[in-house]
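A closer look at the structure
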Amino acid sequence: MRLFDFLVFYPMANFERRRVKEFTWGGPLDRATLLAALTTSFLVFAGLEIIYFLMFKVNILDVWYTIFLFLAGSILMVQLFGYLYITKKRYEYITSSQYKSFTLNTTLGVTISFLLFVFSFLGSLGIAIVIGTVIT
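Residues numbered from 1 in each chain as written. Predicted model: local features only at pLDDT ≥ 70, side-chain atom pairs only at ≥ 80, totals over all residues. Heavy atoms only, no water.

So, about the side chain of threonine 33. By secondary structure assignment, the location of threonine 33 is in helix α2 (residues 28-56). Its relative accessible area of 3% is what places threonine 33 among the buried residues. For threonine 33, the contacting residues outside a window of four places in its chain are Val8, Phe81, Gly82, Tyr85 and Ile86. (Helix = DSSP H or I, 4+ residues; strand = E, 2+ residues; numbered from the N terminus. Buried < 20%, exposed > 50% of the residue type's maximum accessible area, 1.4 Å probe, protein only. Contact = heavy atoms within 4.5 Å.)

Structure below.
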């Protein structure tokens, strides 16, 4: 859970540092949970690609409905993160004194969060490409 907290905490700290109150749609916490949920979705997708290849010797991107399942899973993940961090107020808990706080500076934390997002996206694509070349 600390990884997910990390992915939400540092973008929010960056928004607070820049004094961003609202965006065109939603607030900063909505954006932070969206980024964390998408990163998690890409990591889960990459893991599923590896598992399906090892178990069934199949590239899951060759199945036509996989992209729809990924989109549905991503939407559900965004809703789950929104429920946990906004409705259940987990973000308030991780910023409270009861929680062992993160000690990185905000710029480094945001950079790591962004790099995790980029590498999870590129990793899921790269794994699919590698599996596709291995199968053929």
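Between its terminal C-alpha atoms helix α5 (residues 106-135) stretches 43 Å, which fits the 44 Å expected from 30 residues at 1.5 Å a residue. Every buried residue of α5 is accounted for by Gly109, Ser113, Ser120, Ser124, Ala128 and Ile131. For α5, the elements touching its buried residues are α1 (2-17) and α2. For α5, the N-terminal capping position is held by asparagine 105, with its side-chain oxygen 3.0 Å away from the main-chain nitrogen of threonine 107. (Expected span 1.5 Å × (residues − 1). Polar contact = N/O pair within 3.5 Å; in protein donor to acceptor, adjacent residues only side chain to side chain.)

Inspection of every chain in the model, using the stated rule, returns one salt bridge. In this structure, aspartate 5 and arginine 90 form a salt bridge, with 2.7 Å as the shortest nitrogen-oxygen distance. Of the two residues, aspartate 5 is situated in helix α1 and arginine 90 in helix α4 (residues 90-94); the sequence distance between them amounts to 85 residues. We classify aspartate 5 as buried; its relative accessible area is 0%. (Salt bridge = Lys/Arg side-chain N within 4 Å of Asp/Glu carboxyl O.)

This part covers the packing of aromatic side chains. Both the distance between ring centres and the angle between the ring planes are used here to describe each pair of aromatic rings. In this structure the tally under the stated criterion is 15 aromatic pairs. Between tyrosine 52 and phenylalanine 56, the aromatic rings sit 5.4 Å apart at their centres with planes inclined by 55 degrees, giving tilted as the arrangement. Linking tyrosine 52 with phenylalanine 56, this pair stays in helix α2, spanning four residues, or about one helical turn. Classification of tyrosine 52 as partly exposed rests on a relative accessible area of 36%. Seen from the ring of phenylalanine 53, lysine 57 lies directly overhead, with NZ or CZ sitting 5.1 Å from the centre. (Phe/Tyr/Trp six-rings, centres within 6.5 Å; stacked < 30°, edge-to-face > 60°. Lys NZ or Arg CZ within 6 Å of the ring centre and 35° of its normal.)

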